[in-house]
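# Residue-level structure breakdown
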Amino acid sequence: MPYSLSGVGHNGFEKADLHIHTKCSDGIFTPEEIVLKAKKSGLKAISITDHDSVSGIDKAKPLATQHGVELINGVEMSSTYQGHDIHILGYFFDHKNPELQRYLDHCRHLRARRAERMVQKLAKMGVKIEIEQIILKAQNGSVGRPHIAAVLQDGGFVRSFSEAFSKYLGSHSPAYVKSIETHPADIIKLINEASGLSFLAHPGQNVPDEILRQLITFGLDGIEIIHPSHDPYKQNYYKEIANEYFLLFSGGSDYHGLKDQEEDHFGQITIPYDWVTKMKSRIVTV
């Protein structure tokens, strides 16, 4: 089982979840709904980490303040390195930083173009869906493959999200188009220049060890240790690597709220708040 705590104060720990998605990218709940879920689950702190988007932060902030849930500025940014899709989580940055805003606007256009190319590939396979349907699913948020999967499911082309990915949209599937091809070092620099901390997301899913060690040389501040795809062995393994390089720990549920994803991840796959405190102390000393 992934790292799990049954409630606030259990074994003296307070809980945080620093990997949550909303409707501003490919989650199904609004930022406001996520704050209410966090309050109900007894989370002390959360970070909304939408894909290449920070638009959920200002939407969530007033309600988070009202309910006493600490909202940490977050984002999950896409990059590519040596043929691997690398996701970098940013925390505690200035989300109004002009350079960051410009880059994220650029990403939104790239994501829309990517979706168009995937629709064209699907059409050649006899699977006809419209880009307008996908944009509508994204609700002006950051367009991603889950939005395409939802349209495929609505159209009866697949029975589930997992089938949509295995049959059409996964990285080895016929309609796949590469994600944003920015170098991870540029993403880390961007987060750093916006006064934030950068973490490698879910390394156990897609990052070989030799790539991980190269990414560390680009200036990562930490590694995501706790993730639904990390069993206890992987958690300990990445903790050891983080300790070897004096890196911080992060983690969370990677919650999207999708139908075939387990609802009980939310509020259960968490990190001790102590890890958040250590992240804050790193900001102060940088």
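All values derive from a computational prediction rather than experimental measurement.

Taking strand neighbours across the sheet as the criterion, the eight strands line up as 7-6-5-4-3-2-1-8 in an open arrangement whose pairing is mixed. Where the open sheet ends on each side, the last strands, each with one partner, are strand 7 (248–251) and strand 8 (271–272). Across two bridges, strand 5 (residues 197–200) lies against strand 6 (residues 222–226) in parallel orientation. Across the sheet, residue Leu 200 finds its bridge partner in strand 6, namely Ile 223.

Attention shifts here to empty space enclosed by the protein. If a probe as big as a water molecule is rolled over the atoms, it shows which places are left empty. Summed over the entire model, instances satisfying the criterion amount to one cavity of 30 Å³ or more. Approximately 40 Å³ is the volume attributed to the largest cavity. What lines the largest cavity is simply Arg 111, Arg 114, Ala 115, Met 118, Val 143, Gly 144, Arg 145 and Ile 148. Within the residue set of the lining of the largest cavity, elements represented by two or more residues are helix 3 (98–124) and helix 5 (145–154).

Now for the pairing of strand 7. Residues Leu 248 and Ser 250 point to one face of strand 7 and Phe 249 and Gly 251 to the other, with burial holding for every one of them. Judged from the four bridges that link them, strand 6 and strand 7 form a sheet pairing that is parallel. Note on strand 7: the bridge partner recorded for Gly 222 is Leu 248. Read from strand 6 through helix 10 (residues 232–244) to strand 7, the crossover connection turns out right-handed.

Looking now at the pairing of strand 5. Neither face of strand 5 is exposed, since Leu 197 and Phe 199 on one face and Ser 198 and Leu 200 on the opposite face are all buried. Direction of pairing for strand 4 (residues 84–91) relative to strand 5: antiparallel, over a ladder of four bridges. Across the sheet, the residue bridging to Ile 88 is Leu 200, located in strand 5.

Here we take up the pattern of salt bridges. This structure, assessed with the given rule, holds 12 salt bridges. Where Glu 14 meets Lys 44, a salt bridge forms, and the shortest distance between an N and an O atom there is 3.9 Å. Placement of Glu 14 in the segment before strand 1 (15–20) and of Lys 44 in the loop between helix 1 (31–41) and strand 2 (45–48) is noted, with a sequence separation of 30 residues between them. The class for Lys 44 is partly exposed, based on a relative accessible area of 30%. Three or more residues joined by partner-sharing salt bridges are found here, namely Arg 159, Glu 163 and Lys 167.

Turning to the side chain of Thr 182, a few remarks are in order. Inspection of the secondary structure assignment puts Thr 182 in the loop between helix 6 (161–169) and helix 7 (184–193). Leave out the neighbours within four places in its chain, and Thr 182 touches Ser 78, Ser 79, Thr 80, Tyr 103 and Ile 187.

Enumeration according to the criterion identifies seven aromatic pairs in this entry. Seen in terms of ring centroids, Phe 29 and Tyr 255 are 6.2 Å apart; in terms of plane orientation they differ by 10 degrees. Their pairing is stacked. Of this pair, Phe 29 sits in the loop between strand 1 and helix 1 while Tyr 255 sits in the loop between strand 7 and strand 8, and the two are 226 residues apart along the sequence. Plain terms: the ring middles of Tyr 255 and Phe 266 are 4.9 Å apart, the flat faces sit at 70 degrees to each other, and that makes the pair edge-to-face. You can see Tyr 255 sitting in the loop between strand 7 and strand 8 and its partner Phe 266 sitting in the loop between strand 7 and strand 8, a full 11 residues away along the chain.

In this section: the nonpolar core. Grouped together as the largest cluster of nonpolar side chains are 64 residues, with contacts concentrated most on Ile 46 and Met 77. With five residues, strand 3 (residues 70–81) is the single largest residue contributor to this core. Setting aside chain neighbours within four positions, we find Met 77 in contact with Asp 52, Ile 86, His 87, Ile 88, Leu 100, Tyr 103, Leu 104, Ile 187, Leu 190 and Ile 191. One finds Val 127, Ile 129, Ile 131 and Leu 169 within the second-largest nonpolar core, a separate group that totals 24 residues.

Calculation criteria
Residues numbered from 1 in each chain as written. Predicted model: local features only at pLDDT ≥ 70, side-chain atom pairs only at ≥ 80, totals over all residues. Heavy atoms only, no water. Pairing = 2+ DSSP bridges. Helix = DSSP H or I, 4+ residues; strand = E, 2+ residues; numbered from the N terminus. 1 Å grid on protein atoms, 1.4 Å probe; cavity = no way out; pocket = protein on both sides within 12 Å on 5 of 7 lines; lining within 4 Å. Points joined across faces, edges and corners; volume = space filled by probe spheres on them. Buried < 20%, exposed > 50% of the residue type's maximum accessible area, 1.4 Å probe, protein only. Right-handed = clockwise from strand over helix to strand, strands pointing away. Salt bridge = Lys/Arg side-chain N within 4 Å of Asp/Glu carboxyl O. Contact = heavy atoms within 4.5 Å. Phe/Tyr/Trp six-rings, centres within 6.5 Å; stacked < 30°, edge-to-face > 60°. Core = buried A, V, L, I, M, F, W, Y, C linked by side-chain atoms within 4.5 Å.

The quantities given are spatial measurements derived from coordinates; they are silent on function.
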